[in-house]
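A structural walkthrough
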Amino acid sequence: MIDNPLKSLISYSRFVTELLHRPTVERSTVVVWSASRYTGVAEGEVFFSSGIRLRLREELDFDAGLITSYGYEVYQGAERLYWYDDFPHPHDPDLAATFPHISMCSLTSSTTAFLHRRWISLGLICLC
């Protein structure tokens, strides 16, 4: 069983570094930082050799080992293809049903949850 990388700034930083060390990643501006021992933020962009760009922001709780808030946006050039966030959308039943794992495309909520946990499987991004 793999340990939860969300237990410390150091372990999550290593996890992010490993995710970004792939042939499909051309460059990245992603940084993981913290203002306290218990919380952190991961944010930046990942540029893939396919021309896809992933913009992300995660708020991290190292004490609980959780991503407490997130937003992921996937672009090709200037066009936003789709995005994922954890904001409630009570006036849209299709989105409200999958809260807190909301995808703004046609993926199922279980797929969205999987992608969220694996950072949209860096390099294996599903184009909706």
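Residues numbered from 1 in each chain as written. Predicted model: local features only at pLDDT ≥ 70, side-chain atom pairs only at ≥ 80, totals over all residues. Heavy atoms only, no water.

Of the regular secondary structure elements, the chain holds three helices and seven strands. Along the chain, from the amino end to the carboxyl end, the secondary structure elements read α-β-β-β-β-β-β-α-β-α. For the chain, buried positions account for 40% of its 128 residues. Across the chain, every contact between residues at least 6 apart in sequence was considered, and the portion connecting residues at least 24 apart equals 33%. Surface exposure of the chain reaches about 7,600 Å², of which carbon and sulfur atoms provide 56%. (Helix = DSSP H or I, 4+ residues; strand = E, 2+ residues; numbered from the N terminus. Buried < 20%, exposed > 50% of the residue type's maximum accessible area, 1.4 Å probe, protein only. Contact = heavy atoms within 4.5 Å. Areas by Shrake-Rupley, 256 points an atom, 1.4 Å probe, with all protein chains shown as cover.)

Attention now moves to the packing of aromatic side chains. Here the structure, examined in full by the defined rule, presents three aromatic pairs. The cationic tip of arginine 53 hangs over the ring face of tyrosine 75; the distance from NZ or CZ to the ring centre is 4.3 Å. (Phe/Tyr/Trp six-rings, centres within 6.5 Å; stacked < 30°, edge-to-face > 60°. Lys NZ or Arg CZ within 6 Å of the ring centre and 35° of its normal.)

Core analysis: the largest hydrophobic core is formed by 23 residues, its most contacted members being Tyr12, Val46, Leu54, Leu56, Leu60, Ile67 and Tyr72. Elements represented by at least two residues in this core include exactly helix H1 (9–20), strand S3 (39–48), strand S4 (52–61), strand S5 (66–76) and strand S6 (79–85). Residue contributions to this core peak at five residues, all from H1. (Core = buried A, V, L, I, M, F, W, Y, C linked by side-chain atoms within 4.5 Å.)

Below, the discussion takes up the pattern of salt bridges. This structure, assessed with the given rule, holds six salt bridges. The closest approach of N and O atoms between arginine 55 and glutamate 73, which form a salt bridge, is 3.5 Å. With arginine 55 in strand S4 and glutamate 73 in strand S5, the pair connects residues that are 18 residues apart, well separated along the chain. The closest approach of N and O atoms between glutamate 59 and arginine 57, which form a salt bridge, is 3.8 Å. When salt bridges that share partners are traced, they join Glu45, Arg53, Arg55, Glu73 and Arg80 into one network. (Salt bridge = Lys/Arg side-chain N within 4 Å of Asp/Glu carboxyl O.)

With that settled, the discussion passes to the side chain of glutamate 45. In this fold, glutamate 45 is placed in strand S3. Glutamate 45 sits in the buried class, given a relative accessible area of 16%. For glutamate 45, the side chain forms a polar contact with the side chain of arginine 55, separated by 3.1 Å. Excluding anything up to four places from it in sequence, glutamate 45 contacts Arg27, Ser28, Thr29, Val30, Arg53, Leu54 and Arg55. (Polar contact = N/O pair within 3.5 Å; in protein donor to acceptor, adjacent residues only side chain to side chain.)

This paragraph deals with the environment of glutamate 43. In this fold, glutamate 43 is placed in strand S3. With relative accessibility at 27%, the residue glutamate 43 sits in the partly exposed group. Counting along the chain gives 16 residues from glutamate 43 to glutamate 59, while the straight-line C-alpha distance between them is 8.7 Å. Ignoring any residue separated from it by four or fewer positions in sequence, one finds glutamate 43 in contact with Thr29, Val30, Val31, Trp33, Leu56 and Arg57.

On to the pairing of S6. Inspection of the sheet shows S5 paired to S6 by six bridges, in the antiparallel sense. Bridge pairing in S6 places tyrosine 75 opposite arginine 80. Taken together, S5 and the strand that follows it, S6, pair antiparallel across an intervening segment of two residues, in which glycine 77 is found at a positive phi of about 65 degrees. (Pairing = 2+ DSSP bridges.)

Nothing here speaks to function; it is all geometry.
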